[in-house]
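Coordinates in review
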Amino acid sequence: MTDSTQCPLCNATGGSPFFTDKRREYLRCTYCALVFVPSSFHLSVVKERAEYDKHENAVEDPGYRRFLSRLLVPLNEAIAPASSGLDFGCGPGPALAQMLREGGHSMAIYDPFYAPDTAVLQHSYDFVTATEVVEHMHKPGDDLSRLWSMLRPGGTLAVMTKLVLGAAAFTTWHYKNDPTHVCFFSRETWQWWADQNTAEMKFEGADVILLRK
Ligand SMILES: [Zn+2]
């Protein structure tokens, strides 16, 4: 059985209490600073799926496209024309993949619930995107390593997730209230991850992280 204080990113044990609300506990890892919800508070797969089914991210919705452009614009500057990419965790409406295709890139998509073709995970890519995905990962250490291994040398991993800004801000942070959000990264955590993987890292705006292999 796994120690519930074990960090799902760096595997260190002894995560310390960070916050508790009426539904869940949150621990913070001493080594990589990841804030995480112990697995005993995770939703069942059925309940998790039901939460995702509520999200309607329509491919043509202009508001959603604007939201995604926060990642798309800096990513486009980092990758060559006609690159090949994977959108990991695309959700029910693969809008980002569609936007990247419109920009001349070839795209594969993967989502454990909505596009579960694992064959696409056997290929190599020039870039991998994960927008609003890492906060859902039960095993972010394994999952991020897997995404990183799919990148060709010089490739880019583009992540969008809201960042922890400190203990005080966390107490009123709406992002933690989504029951499917179980991992919360900070700049410090990404710095740790980039160092571990000798990635060249760049923060873009408040919630986009570009990691170059
Ligand atoms: Zn850790």
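Refer to the preceding data block for the structure.
Summary of the structure given here. (Residues numbered from 1 in each chain as written. Predicted model: local features only at pLDDT ≥ 70, side-chain atom pairs only at ≥ 80, totals over all residues. Heavy atoms only, no water.)

1. What to know about the side chain of Thr161
Note that Thr161 resides in the loop between strand 7 (151-160) and helix 5 (167-170). Side chain to side chain, Thr161 and Glu135 meet in a polar contact 2.9 Å long. Polar side-chain contacts of Thr161 include one of 3.5 Å to the side chain of Tyr175. Apart from the residues within four sequence positions on either side, Thr161 is in contact with Glu132, Val134, Glu135, Tyr175, Trp190, Asp207 and Ile209. (Helix = DSSP H or I, 4+ residues; strand = E, 2+ residues; numbered from the N terminus. Polar contact = N/O pair within 3.5 Å; in protein donor to acceptor, adjacent residues only side chain to side chain. Contact = heavy atoms within 4.5 Å.)

2. Re the nonpolar core
Note on soluble globular proteins: their nonpolar side chains tend to be buried together. With 45 residues, the main nonpolar core has Leu86, Leu144, Leu157, Trp190 and Leu211 as its most contacted residues. Apart from residues lying up to four places away in sequence, Leu211 is in contact with Trp148, Gly155, Thr156, Leu157, Val159, Trp190, Trp193, Ala194, Ala199, Glu200 and Met201. One finds Leu68, Leu71, Leu75 and Ala158 within the second-largest nonpolar core, a separate group that totals 17 residues. (Core = buried A, V, L, I, M, F, W, Y, C linked by side-chain atoms within 4.5 Å. Buried < 20%, exposed > 50% of the residue type's maximum accessible area, 1.4 Å probe, protein only.)

3. Some words on the sheet that holds strand 8 (residues 183-184)
If you walk across this open sheet you meet the four strands as 1-2-3-8, and the pairing is antiparallel. Among the strands making up the open sheet, the edge pair consists of strand 1 (16-20) and strand 8. (Pairing = 2+ DSSP bridges.)

4. Brief notes about the coordination of the zinc ion
Protein ligation of the zinc ion involves Cys7 (SG), Cys10 (SG), Cys29 (SG) and Cys32 (SG), the donor distances falling in the range 2.3 Å. Each donor residue of the zinc ion lies on the same chain, and together they follow the pattern C-x2-C-x18-C-x2-C. Summarising the burial analysis for this pair, Cys29 and Cys32 share the class buried. (Donors = N, O, S within 2.8 Å, 3.2 Å for Na, K, Ca; no water.)

5. Topic: the pattern of salt bridges
Taken as a whole and assessed by the stated rule, the structure comprises eight salt bridges. The shortest N-O distance in the salt bridge between Glu204 and Lys202 comes to 3.4 Å. (Salt bridge = Lys/Arg side-chain N within 4 Å of Asp/Glu carboxyl O.)

6. What to know about the pairing of strand 2 (residues 25-28)
Two elements, strand 1 and strand 2, share four bridges in a ladder whose sense is antiparallel. Looking at strand 2, one finds that Thr20 is bridged to Glu25. Count of turn residues in the strand 1/strand 2 antiparallel hairpin: four residues. Bridge count for strand 2 against strand 3 (residues 35-36) is two bridges, and the pairing is antiparallel. Bridge pairing links Leu27 to Phe36 in strand 3.

7. Brief notes about the packing of helix 2 (residues 62-78) against helix 3 (residues 95-102)
For any two helices packed against each other, the geometry is given by the interaxial angle and the distance between the axes. Packing of helix 2 against helix 3 brings their axes to within 10 Å, and their N-to-C directions diverge by 55°. Relative to helix 3, helix 2 is oriented oblique. Seen from above, helix 2 lies across helix 3 with right-handed handedness. Facing helix 2, whose interface residues are Tyr64, Arg65, Leu68, Ser69, Leu71, Leu72 and Leu75, helix 3 presents Ala95, Leu96, Gln98, Met99, Leu100 and Glu102. Of the residues assigned to the contact of helix 2 with helix 3, the class counts are nine nonpolar, two polar and two charged. (Axes fitted to C-alpha atoms, helices over the stretch in contact; angles between N-to-C directions. Parallel < 35°, antiparallel > 145°, perpendicular 65-115°, else oblique. Left-handed = near helix turned anticlockwise from the far one by under 90°. Nonpolar A, V, L, I, M, F, W, Y, C, P; charged D, E, K, R; others polar.)

8. Side note on the sheet that holds strand 6 (residues 125-131)
An order of 5-4-6-7-10-9 is seen for the six strands of this open sheet, with the pairing classed as mixed. Each having just a single partner strand, strand 5 (106-110) and strand 9 (200-204) make up the two edges of the open sheet. Each strand of the sheet is rotated relative to its neighbour by a mean of 20°, with strand direction disregarded. Both strand 4 (residues 84-88) and strand 6 contribute to a ladder of three bridges, which runs parallel.

9. Topic: the environment of Val159
Along the chain, Val159 turns up in strand 7. Owing to a relative accessible area of 0%, Val159 belongs among the buried residues under this scheme. In this structure, the C-alpha to C-alpha distance between Val159 and Asp207, residues 48 residues apart in sequence, is 8.2 Å. Those residues in contact with Val159 that sit more than four places away from it in its chain are Leu71, Ala130, Val134, Trp190, Asp207, Val208, Ile209 and Leu211.

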